[in-house]
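Chain residues, written in single-letter form:
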Amino acid sequence: MWIFLVTNLLLLMFVCYYFSSAVSSPLYSSSCRLQREFHLNGMHEAGDVVLGGLFRMHFFSTYPDLSFTSEPQQPTCYGFDVTGFRQAKTMAFAIDEINRNSNLLPNVTLGYSLYDNCVQLEIAFHASLSLVSGQEEQVVLRETCVGNPPVLGIVGDSSSTRSIAISTALGLYRVPMVSYFATCSCLSDRQKFPSFFRTIPSDAFQVRAMIQILKHFGWTWTGLLISDNDYGFHAARIFQSDLGPSGGGCLAYTEILPKGDNPAELKRIVDMMKKSTARVVIVFAQERNMIDLMEEVVRQNVTGLQWIASEAWTETTVFQTPRLMPYLGGTLGIAIRRGEIPGLRDFLLQTHPDLHHNNSYGDSMVNQFWEYTFQCRFAPPPAGWVEAGGALCTGQEDLENVETEALDISNLRPEYNVYKAVYALAYALDDMLRCEPGRGPFSGHSCGNLHKLEPWQIVYYLEKVNFTTSFGDQVLFDENGDVLPIYDILNWQWLPDGRTKVQTVGDVKKSAFKGEELTLDEDKIFWNFESKEPPWSVCSESCPPGTRMARKKGEPECCFDCIPCSEGKISNKTDSTECTSCPEDFWSSPQRDHCVPKKTEFLSYHDPLGIFLTATSLLGTFICAVVLGIFIYHRRTPIVRANNSELSFQLLLSLKLCFLCSLLFIGRPKPWTCQLRHAAFGISFVLCVSCILVKTMVVLAVFKASKPGGEASLKWFGVLQQRGTVLVLTSVQAVICTAWLLSASPMPHKNTKYHNDKIVYECVVGSTIGFAVLLGYIGLLAILSFLLAFLARNLPDSFNEAKLITFSMLIFCAVWVAFVPAYISSPGKYADAVEVFAILASSFGLLVALFGPKCYIILLRPERNTKKAIMGRDAVS
């Protein structure tokens, strides 16, 4: 916030300065006079169109009083910065290269005016205003403002803080500013900075690049240290908003590195780093913040950390020493894209001092570079330059014979951004000059031209610029003025011989079509751990498939417990936030990591119970067939002919059907088996019980006919009447079954209520009333047969079949009375088993009770198979 306050203050002074010029002149003055001149270190070259530049060419400065009422004072800068000078010369080289290029801006000569910001906001602000307003003492105003502005645009500044202040002012007049080193994401705000562009990615992308590295290695638990300025604060804000949802990680702690000397605060921060379980530490700060921090890290001997460096200190050589590499070795850093600029070194070698204008501020920077490089001095030294002493400079010294960092072009990173910034402005101007009259983008389809050039026109074309450098990198700006981002990833390697090497191990970039891409060559990465493998930095271990994450109360979302999925639910991914239910016909595996088909349960022919019941059913059928064969073979014997042998044959056939119908209850239920099983069961048993009822009635009729006057009773129980009675009684059951099947037919049903992990296939009866009527009708006939047989049990025949019928009906009724509660309480396949058991038990009861004694006589006591024996001793033959 203080940056904006300073900016407003400077703007206010700037307005007051020009306002004072207007007041001192007549109301309709045709000219305005420069009230104050700022003498700044710089380099200049004339041209048809001039580009401005702001560079850090000194580390320190003393600056004058900002008041315009005070006597003019000039800033004093000292501590020459060779890298800043090389960046300025790179801009000069790019302009020289463009001027020699016949395809780019033909017939237009570019010039430059480059100033030293001395790492001070006030000096940089004064320099930018000098660039856009010019240094002419008096400007004559014309009715038509024809001509070029003092500068077409400004390349700079290197600091986010200074860029915010300068761009706020320049944005009022839409003067384009292309920064090569300002990374604050706040500068992407087009409402506040409408004419700001940059060839370095914003901190927002730098943060996303770091998050991609964290995701690549699975580091979800990290610490964050930031500097006490906009650079750190904006980065922390982006980390806190983006790391959780997109990065899948959390910050174990966020600490602000103190400014200046504050040992107590540094000790507290390092103590917390030691106690934290986070093994990865991200430092988004400048070099000066790290120096004090590392002193405390060394003092407490904090090792075993994986450091991730922001671009502000990732290439700083002051940390790459034998004393600090045991702690910082293996550091992964985000670095500005390294580029190659052919011809730059030759251009730098052509640098020579200006011996004729040594006292001028115009090209004093070259002279100061010369003095710094050869440790000599020009006499007298230029104002604003602190004399270094030494021999006098001749200007004939040879740069090739001296070791200087200015000639080191092996690692061109900020310089490459400067190079791209100059070319971006040049391509924008070139595109404007190639505009065809009448087809332009401005009012009335007009085009811009050199005779009436407006800065905002260059802003328009900068937004649409798109070119590729000789190094192969595409340069274009998005809607926020941010360049298509790309960063190199560096690794600090501690070699066995004690030397340090900074190795490029990958890059992260955003392309127009593929989005953000991370490329890493892990084989090249040096890990400063005994295992020589990347560390593991998580708050909680990943939850394996079959579990879900449950956040620990009061802790970040990366700290969680792994809860096993409940039955019927699964998670088939690592770190699932919830378990998903399996489909209806599936169930969770024992590991809860995938769904498996539910086990199916029904009375099968393959399980032991089904095999037993099938065998019993077939046994009963076989016995019925044997008995039937015996009766057919002995059909002329008295015991077979007694009580109507035809009814006996019908009864045996019906019992055989009863045994066979039980097979319909075994096997997987199907629509036709569900419909047929109860109908076949009901009709078979009614047929059986009807035969028994008619047999009982025949016994009573025969006994009654044996008495005087009872002969007439037999005419109602002849063979036809017996057949008709059986048919009618069976037809009633057939009608009941038909009505039941038509109204609410039994159908197969998948029942999951009994067991969650099983599907029980069963036949639902459809209509409970229909099933009850079917059973009730069988029960009615059985009870009626039992009562009639009970009444006839004491008849005088030696072989009275009524006793056998009474006993058989007693067994039958007992079985089916016990069946009802057993059936209701039996789940799944056991309900079918109970019903089959009742069918077989009652069928065997009838078979044994009715035909057992007869077979015994036929096979074992043939002497009793006579009419006399059957009718009794007193009977008449």
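An unreviewed UniProt entry annotates the chain as Extracellular calcium-sensing receptor-like of Lates calcarifer. In its Sequence similarities (unreviewed entry) section, UniProt records this for the chain: "Belongs to the G-protein coupled receptor 3 family." Taken verbatim from the UniProt record of the chain, the Subcellular location (unreviewed entry) comment is "Cell membrane".

Caption draft 1: Inspection of the nonpolar core at higher detail. Core analysis: the largest hydrophobic core is formed by 68 residues, its most contacted members being F681, F812, W816 and F851. Where this core is concerned, the elements lending two or more residues are α14 (608-633), α15 (638-641), α16 (645-661), α17 (671-705), α18 (719-743), α19 (768-791), α20 (801-825) and α21 (829-860). The contact partners of F681, leaving out residues within four places of it in the chain, are C661, F665, L774, L775, I778, W816, E835 and I839.

Caption draft 2: Up close: the side chain of T183. On the secondary structure map, T183 appears in the loop between β9 (177-179) and β10 (196-198). In this structure, T183 is in contact with S160, R198, I200, P201, S202, D203, Y231, E311 and Y487, ignoring residues within four places of it in sequence.

Caption draft 3: Examining the pattern of salt bridges more closely. Applying the stated criterion to the full structure yields 27 salt bridges. Measuring nitrogen to oxygen at the nearest pair gives 3.2 Å for the salt bridge that ties R439 to E436. Overall, the relative accessible area of 64% leaves R439 in the exposed class. Counted as one network, the salt bridges with shared partners bring together E315, R337, R413, D473 and D488.

Caption draft 4: Representation of a positive patch on the surface in the model. A contiguous patch of positive charge on the surface is contributed by R635, R636, R641 and K867. Residue placement: R636 occurs in the loop between α14 and α15. According to the relative accessible area criterion, R636 is exposed, its value standing at 69%.

Caption draft 5: Region of interest: the confidence of the model for the chain. Predicted confidence across the chain gives a mean pLDDT of 83, with 86% of residues reaching 70 or more. Note on residues 1-6: pLDDT under 50 across the span, and eight contacts to partners over four residues away in sequence or across chains. Within the model, pLDDT remains below 50 along residues 12-29, and this stretch shows 17 contacts once partners closer than five positions in the same chain are excluded.

Caption draft 6: Structural context of the sheet that holds strand β2 (residues 42-45). Sheet architecture is open: six strands sit in the order β2-β6-β3-β8-β9-β10, paired in mixed fashion. The sheet terminates laterally at β2 and β10, the two strands that pair on one side only. In terms of strand pairing, strand β3 (residues 49-55) meets strand β8 (residues 154-155) through two bridges, oriented parallel. Considered in β8, the bridge of G52 is made with I154.

Caption draft 7: Expanded view of the state of the cysteines. For the structure on display, the rule yields ten disulfides. Through a disulfide, C77 is tied to C118; the S-S separation comes to 1.8 Å. Between C77 and C118, the S-S torsion sits near 100°, and that sign places the bridge as right-handed. Highlighted residues: C77 in strand β5 (residues 76-80) and C118 in the loop between β6 (110-116) and α3 (121-133), separated in sequence by 41 residues. Residue C77 is classed as buried on the basis of its relative accessible area of 2%. For C118, a relative accessible area of 1% gives the class buried. Here C688 is not disulfide-linked; the sulfur of C658 is the nearest cysteine sulfur, at 5.0 Å. For C688, a relative accessible area of 0% gives the class buried.

How each quantity is defined
Residues numbered from 1 in each chain as written. Predicted model: local features only at pLDDT ≥ 70, side-chain atom pairs only at ≥ 80, totals over all residues. Heavy atoms only, no water. UniProt positions renumbered as here; feature names shortened; annotations may be inferred. Core = buried A, V, L, I, M, F, W, Y, C linked by side-chain atoms within 4.5 Å. Buried < 20%, exposed > 50% of the residue type's maximum accessible area, 1.4 Å probe, protein only. Helix = DSSP H or I, 4+ residues; strand = E, 2+ residues; numbered from the N terminus. Contact = heavy atoms within 4.5 Å. Salt bridge = Lys/Arg side-chain N within 4 Å of Asp/Glu carboxyl O. Patch = residues over 30% accessible without salt bridge, like charges linked within 9 Å, V, L, I, M, F, W, Y side chains within 5 Å. Areas by Shrake-Rupley, 256 points an atom, 1.4 Å probe, with all protein chains shown as cover. Lys, Arg positive; Asp, Glu negative; His and termini not counted. Charge placed at Lys NZ, Arg CZ, Asp CG, Glu CD. pLDDT = per-residue confidence, 0-100. Pairing = 2+ DSSP bridges. Disulfide = S-S within 2.5 Å.

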